[in-house]
Amino acid sequence: MIKNYFILAFRKLKHQKIFSFINIIGLTVGTTCCLMIFLFIAHELSYDNFHKNKENIYRVMRVGGHLNGGGSEEIAYLSPAYSTALLNDYPDAIQQAVRVMPDNDLITYKNVGFNEKKIYLVDDNFFEFFSFPLVKGNPATVLKDPLSIVLTESTAKKYFGNEDPIGKVVDWNKKLKLKVTGIAKDVPSNSHLYFDMVAPLSYYKNEPWYSQFPNNMLFTYVQLNPHTDPKKLISRFPQFMDKYLGKYYRENGFSMGLTIDPLKDIYFQNLVFDNVKHGSKSVVFTFTSIAVLILIIACINFMNLATARATDRSKEVGLRKVLGALRKQLIIQFIGEAFLFAMVSSILALGLLQLLMPAYNNLLGYNLSSYWTNPLVYIFLAGIVLIIGLLAGSYPALLLSSFSPIESLKGKLKVGKNGSLFRKTLVVFQFSISVLLIISITIIVKQMNYVQGADLGFNKEHALVVKLDNNTIGEKKLLFKTQLQNDPDVQNVSLMSGEPGGFHDVHSFETEAMPNEKIMLSTEFTDFEFAKTLGLKIIAGRDLSSQYSTDTLHGVLINRTTAAKLGYTPQQAVGKWIKNTMRDSLRRNIVGVVEDFHFSSLKDPIQPFVIAPNDDRRVALIRIKPGNLQSTINRIKNIYTSLAPAYPFEYDFLDEQFNQQYKSEVRQQTVLSIFSAIAIFIASLGLFGLSSYTAIKRTKEVGVRKVLGSSVENIVLLLSKDLLKPVLLGALIAMPVGYYFMNKWLQGFAYRIVFHWWMFAMAIAIAVIIALLTVGVQAVKAAMANPVKSLRTE
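Parameters at a glance
- Residues numbered from 1 in each chain as written.
- Predicted model: local features only at pLDDT ≥ 70, side-chain atom pairs only at ≥ 80, totals over all residues.
- Heavy atoms only, no water.
- Helix = DSSP H or I, 4+ residues; strand = E, 2+ residues; numbered from the N terminus.
- Buried < 20%, exposed > 50% of the residue type's maximum accessible area, 1.4 Å probe, protein only.
- Contact = heavy atoms within 4.5 Å.
- Areas by Shrake-Rupley, 256 points an atom, 1.4 Å probe, with all protein chains shown as cover.
- Expected span 1.5 Å × (residues − 1).
- Arc of directions from axis to C-beta.
- Phe/Tyr/Trp six-rings, centres within 6.5 Å; stacked < 30°, edge-to-face > 60°.
- Disulfide = S-S within 2.5 Å.

A. Spotlight on the overall build of the protein. Helix and strand content of the protein: 27 helices and 22 strands. The 794 residues of the protein split such that 52% are buried. Relative to all contacts within the protein whose residues are 6 or more apart in sequence, the contacts with residues 24 or more apart total 79%. When the accessible surface of the protein is split by element, carbon and sulfur atoms take 58% of a total near 36000 Å².

B. Inspection of helix α21 (residues 629-643) at higher detail. Helix length check: α21, at 15 residues, gives a terminal C-alpha distance of 22 Å against a target of 21 Å (1.5 Å per residue), a fit within 8%. Every buried residue of α21 is listed here: Thr-632, Ile-633, Ile-636, Ile-639, Tyr-640 and Leu-643. Looking down the long axis of α21, one finds its buried residues gathered within 115 degrees of arc, a one-sided arrangement. As for α21, its buried residues are in contact with β12 (463-467), α15 (471-475), α16 (477-485), β13 (490-496), β21 (619-624) and β22 (652-653).

C. The packing of aromatic side chains, seen in detail. As enumerated under the stated definition, the model contains 44 aromatic pairs in all. Each ring, one from Phe-127 and one from Phe-195, has its centre 6.5 Å from the other, and the planes form 80 degrees; the classification is edge-to-face. In this pair, Phe-127 is assigned in helix α4 (residues 126-129) and Phe-195 in the loop between β8 (176-184) and β9 (197-200), connecting sequence segments 68 residues apart. The class for Phe-127 is buried, based on a relative accessible area of 5%. You can call Phe-195 buried: its relative accessible area is 3%. Ring centres 6.0 Å apart and planes at 45 degrees place the aromatic pair Phe-755 and Phe-760 in the tilted group.

D. Looking closely at the state of the cysteines. Scanning all chains against the criterion turns up 0 disulfides. The thiol of Cys-34 is unpaired, and the distance to the nearest cysteine sulfur, on Cys-33, comes to 6.9 Å. Just so you know, Cys-299 is unpaired, no disulfide at all, and the nearest cysteine sulfur is the one on Cys-34, 8.7 Å from it.

So this is what it looks like as structure tokens:
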């Protein structure tokens, strides 16, 4: 019996080729999108699941007050001393610990060197603590020698080709000789830690910073004993912090707490500058929502197309009922047809997915693991087939099986108003989703254009950022700056601790306005050319200058927000003193106030900011005159190479680097645009199905109107107007929903666009145009039909 159902379904598929093709296209595209999103979500939710002891691994975090106020902020960087102290103080709770310090170093082999940026300096139990498999080497001993190093497979191939890397010696910053003692498999893409090389931290054990608080420069992970309650352990940390850092915090007027975060939560933490990979739960939620909506739209599309051709199958239903077929058997048959469409579409979706995977991986920025051997993919696919079969096939099956055999055989099919209302409701839902997606895309694009083109308060154009990230160039940074200033095409050069959009220190200050209170302020250590190079506006006082001998040790600039925090107008702030209690404890006079500028993302409000002369300079910002850009960069490269010949010259453009802060949002915009276009395409197929049904249902009416003198234009308008009502209703429903969700999304930006009426009007206009183009073909075809043939129907 079931075999016969599938044979009949296959014959019907072949018989109605056009509608079968439309059904299969809609379901195939929808299934492919769901598969792509499923693979992404499965990858996002699998981060760090491959570690053997993942349930008991935690990262230790410092907790301090957020600069924005209203809550606390977790900081991943700790001093090396935390690990030793935690193991000593809590032997009953902590089984083992490992420290991970991100580093970048010049690695050379046979005079071929690379500035490696993915190096971890770790404790020697790193490969026992984490489950990063070694191809060669013993996890327990591979890092015991302080002068050893472990490479990943791809890194080993880069340096040694097909040679056996074990025992080979590489140069470390032209100072040390490190022996390759192990080869690790390339780090999987679903690891928040990612490295190309791993070397022992123990080489630095005799350095002062290794055993002292509060030199925060690395991550600390702990593995708890299986029966340890994390909450109880966290409750004991205040005494720990007071024991080791209480005096330091009291002297500097602030305090920090300590907590531990589960390994599984690290990837989705909203942290900046912790040098590991992070994802976004909101992106996962958005992708999941799109997958569900696309699947629903595809099912609605199938239902509309099936009911649109209901009249073609009325006699078939009547004949089967006369011959003794039960309604239950007819329902099974029609649902079987839906299952057949779903299975064919799923098979085609796998092939389409294979074709699209390279482009999809490129869009995501990493390679998703092979899905052919992943049983979850086939379980998910089977679930899609089941959902499509039941959801999309149930209503057409119930509708078709309900036809009266007498009326069906006479060709007098009466579907009724309820059926028409249900189909229009489906179209309303489809285009509500479509308009909602169009509104979302419009606002996201508008917001991203705003943040990437907003006036940041400084000039980000024609500016190069060069990291002073090795000792050679660091020791010659003043000579580097002097030689750059001698180039006629270099407008300005400033050496600073962090560029806009980069990392900035936060220090404790005493002020004349609040002498008995210490406040935390973002701090920039720089030279006298900082404001000039960035193009900052001095709104009170003057700029820092070498013409004033006291500026080096006793001068400072603040921004407008700092002045307001201290209770001053910009003019009143000039001449007041401020003292950094964590750096040099020198009273510095405020010589000038700069207008507020965005030294961090527009997601955050502008914070108080202090600009002080100091030798702690890690970045060179080079302003280039417009014109001979490439030739000027080449000359800068030559200067750099002459001073640090062993290190490759690397740079970033300030504007591009600043906009990297919005990389996740830009990716979300791109993916949302693509999947939204697909959803709208599938929804249009559903509207095409409804227009087909309407044209068939009103064939005689159209014929009568033409005989009575109605023009083609009037008939097209009549049919289109009727079909556009659910589209407009869907648009009206989508507007408040779109406003709610996009207003919530915009709350993630401190500086954001204002909603305008045209954003919603444009979304409605696009939906109406798509609907007109979709129904226009059927409307014109019905209007152009011979009225004699039309009157002979039914």
